[in-house]
Structures are given as structure tokens and as C-alpha cells.
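# Geometric and topological summary
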Amino acid sequence: MPYTPAPPPLELGGLAAVVTGGASGIGLATALLLARRGARVAVLDLDPDALPAADRDTLIALRCDVTDDASVRAAVAEAVNRLGALDILVNNAGIGAQGTVADNDDAEWQRVLDVNVLGMVRTARAALPHLRASRHAAVVNTCSVAATAGLPQRVLYSASKGAVLSLTLAMAADHIREGIRVNCVNPGTADTPWIDRLLSSADDPAAERTALHARQPTGRLVSAEEVAAAIVYLASPAAASVTGTALAVDGGMQGLRLRPEAG
Ligand code: NAD
């Protein structure tokens, strides 16, 4: 008789997850990986119709605007209703902004902070009662290398992600005794539709892409799947002792100081 061990139980079997901004890019890759590891998953997105048709059997897609508290509460309630519980919240919806401190008016500051910071506050607030009821509760926020490194022409975006980093640490402290872990991931430049939009608005998209690749010590952009793998690790029972951390998935952009290549 050949030796055929039983497959191990799925790591996230029995758990339910909500991913904001889950219809595209890093959020979509995360939602699909959570589902592949056994979780039941709902994506909450401003544009749920953007979810690829092939993934509609795997993921529940709900319309939600994270800048609207009523919309967030309704979507989280509907997700819990359909999933039966909520154990994992991935706060991932976010938007970009460019320019120096001189370039954006108050309305633009408020618009970006409203999505990137208050959006996470609203979903966390709506999710907390359900997370408290979970025996394995985890929140993972999508932060950025922009929170920890000074990048040119990104002051508003960086300030928003700096707030996400501090929010992550403070939430981790507040909720540890309720059994809720809170962590974030700090991606470098990741190859998602977001970057395609950024490049298409550049004067010389090919040169801009080359410059973005060169900024990563690995010489290439981070993939959405690589960020998703880090998020899923932080969300999983394997990370039961990990809380209040920021996991860089940035091709070495934050931590390394390389000498120029010879030649
Ligand atoms: P993306 O544009 O591909 O996906 C973002 C998703 O968020 C979209 O589906 C969009 O509809 C949704 N969204 C936007 N505003 C929303 C709102 N008000 N309510 C609900 N959903 C909303 O972008 P991405 O590159 O996958 O970015 C995801 C996250 O990763 C963001 O928080 C971003 O700041 C962060 N991040 C991205 C990069 C990168 O280089 N792509 C690097 C570091 C961090």
C-alpha cells in the first residue's frame, strides 16, 4: 500500500474574513488567498462590479464606501449575516495622492485622510463587536513604506499611512486583552492597477516604470500576491503571538542601504 497521508486541515478553515478594497489589486489577491486557505470571504468595495467574474463564486462582493459610516455599518452587517461570523478584518481600501505640502488644498487632504485613515476607523468600529465574539480575531491594515521612509512628492499619502501605522499600534494595545490582534503590512511599490493608473498619467510611463523598479533593491516591483501572503500570515493562527507589528514587504526598500552596482 502506498503511504498516502490525509491532507492537513486548511489553515483558515472555519474562519470568516472581510477585506475592504477587495475587488482589485492587493485586496483581491488577499481575498483569494484567504479563500484558498479555507476562509469564507466577503469583499467590501466602492466598485464591487470590478471583481472578476471568475471570482464571484469564491467571494461575496458587497458595495461599500469607507468614507460613509452608514454604508460601512450596513456592509459589515450584511457580510456578517452572509458569513455567519467575523474573525478577520483586512483594512485595505486606500487611494493615492501626489505632490509636496504646497500642492494639495484642504479639501484634498480631507478626502485622502477620510478614505485612508477614517475608512479604517469606521470598518474597525463596525467590526469590533463581531471580532470580540471570535476565538481567533485579527485585524490587518494595509500601510506602506511611505509611513517609514521619506518619499518625494507623497506628503499627503505618507501622512495618511503614518497615521495608519500609529493607529495599528494603538489598536493593538487597546484590544490585546480582548483577544484581538492588530498588525499592518508595509508594501513597497506593488504591481497593481493603481500603479498602472499612476504610470499612464506620467509624462514618460516607460521611464517612470524603470525608475520605480530601480527604487526597489530587488530591482523589481512587489507583486500583489507577495503582499497578500504577508497579510494572510498576520491574519492566521500561525501568527497568534504577533501583534502591534509592521511587516515590510518592500523588496528591501526600507531596511537596506546598498552601494551602487559596480560597472
Ligand atoms: P487598487 O486601486 O488596485 O485597489 C484599491 C481598491 O480600493 C479598489 O478596488 C477601489 O475600488 C477600493 N476603494 C477605493 N476607495 C474606496 C472607498 N472609499 N470605499 C471602498 N473601497 C474603496 O490599489 P492597490 O494598489 O491594490 O492598493 C491597496 C492598498 O495598498 C491601499 O491601501 C494602498 O495605499 C496600499 N499600498 C499600495 C501600494 C502600491 O504600490 N500599489 C504600495 C503600498 C501600499
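Residues numbered from 1 in each chain as written. Predicted model: local features only at pLDDT ≥ 70, side-chain atom pairs only at ≥ 80, totals over all residues. Heavy atoms only, no water.

## Here we look at the pattern of salt bridges
Inspection of every chain in the model, using the stated rule, returns 11 salt bridges. Asp196 serves as the salt-bridge partner of Arg209, at 3.6 Å between the closest nitrogen and oxygen. Pair noted here: Arg209 is in helix 6 (residues 205-215) and Asp196 is in helix 5 (residues 193-200), with a separation of 13 residues, a long-range link. For Asp196, a relative accessible area of 42% translates into the label partly exposed. Because the salt bridges share partners, they merge into one network encompassing Asp69, Arg73 and Arg125. (Salt bridge = Lys/Arg side-chain N within 4 Å of Asp/Glu carboxyl O. Helix = DSSP H or I, 4+ residues; strand = E, 2+ residues; numbered from the N terminus. Buried < 20%, exposed > 50% of the residue type's maximum accessible area, 1.4 Å probe, protein only.)

## Some thoughts on the sheet that holds strand 4 (residues 88-91)
Ordered by their spatial adjacency, seven strands build an open sheet running 3-2-1-4-5-6-9, and the pairing between neighbours is parallel. If you trace the sheet from one side to the other, it starts and ends with strand 3 (60-63) and strand 9 (246-249), each paired once. Direction aside, the axes of adjacent strands within the sheet are offset by 20° on average. Sheet topology places strand 2 (residues 40-45) next to strand 3; four bridges connect them, and they run parallel. (Pairing = 2+ DSSP bridges. Axes fitted to C-alpha atoms, helices over the stretch in contact; angles between N-to-C directions.)

## Points about the site of the ligand
The full set close to the ligand counts 27 residues, and Ser24, Asp45, Tyr157, Thr192 and Arg197 are the nearest of them. In this structure, an oxygen atom belonging to the ligand sits 2.5 Å away from a side-chain N or O atom of Asp45. Compared with its free state, where it exposes 830 Å², the ligand has 93% of that area covered by protein. Within the residue set of the shell around the ligand, elements represented by two or more residues are helix 1 (25-36), helix 4 (155-175) and helix 5. Counting residues per element, the shell around the ligand draws most heavily on helix 5, which supplies four residues. A class-by-class count of the residues in the shell around the ligand yields 13 nonpolar, 10 polar and four charged. (Near = heavy atom within 4 Å. Polar contact = N/O pair within 3.5 Å; in protein donor to acceptor, adjacent residues only side chain to side chain. Areas by Shrake-Rupley, 256 points an atom, 1.4 Å probe, with all protein chains shown as cover. Nonpolar A, V, L, I, M, F, W, Y, C, P; charged D, E, K, R; others polar.)

## Overview of the packing of aromatic side chains
Inspection of every chain in the model, using the stated rule, returns one aromatic pair. Judged by centre distance (5.7 Å) and plane angle (65°), the ring pair of Tyr157 and Trp194 falls under edge-to-face. With a gap of 37 residues between them, Tyr157 in helix 4 and Trp194 in helix 5 connect regions that are remote in the sequence. Residue Tyr157 is classed as buried on the basis of its relative accessible area, which comes to 13%. (Phe/Tyr/Trp six-rings, centres within 6.5 Å; stacked < 30°, edge-to-face > 60°.)

## A closer look at the domain arrangement of the protein chain
By domain assignment, the protein chain separates into domain 1 (16-187 + 222-248) and domain 2 (192-221). Residue-level contacts link 14 residues of domain 1 with eight residues of domain 2. In this assembly, domain 1 packs against domain 2 so that about 730 Å² is buried in total across both faces, 57% of it on carbon and sulfur atoms. Mapped by element, the contributors of at least two residues to the side of domain 1 that touches domain 2 are helix 1, strand 8 (222-223) and helix 7 (224-235). Tallied by class, residues from the side of domain 1 that touches domain 2 come to six nonpolar, six polar and two charged. (Domains from an automatic or database assignment. Contact = heavy atoms within 4.5 Å. Buried area = accessible area lost by both parts, 1.4 Å probe.)

## Concerning the pairing of strand 5 (residues 137-142)
Among the six residues of strand 5, six are classified as buried, and the element is accordingly described as predominantly covered. Here four bridges tie strand 4 to strand 5, and the two strands are oriented parallel to one another. Residue pairing for strand 5: Val90 is matched across the bridge by Val140. With helix 3 (residues 106-132) bridging strand 4 and the parallel strand 5, this β-α-β connection has right-handed handedness. Pairing of strand 5 with strand 6 (residues 180-187), which is carried by six bridges, proceeds in the parallel orientation. Paired with Asn141 across the bridge in strand 6 is Cys184. The β-α-β motif built from strand 5, the intervening helix 4 and the parallel element strand 6 has right-handed crossover chirality. (Right-handed = clockwise from strand over helix to strand, strands pointing away.)

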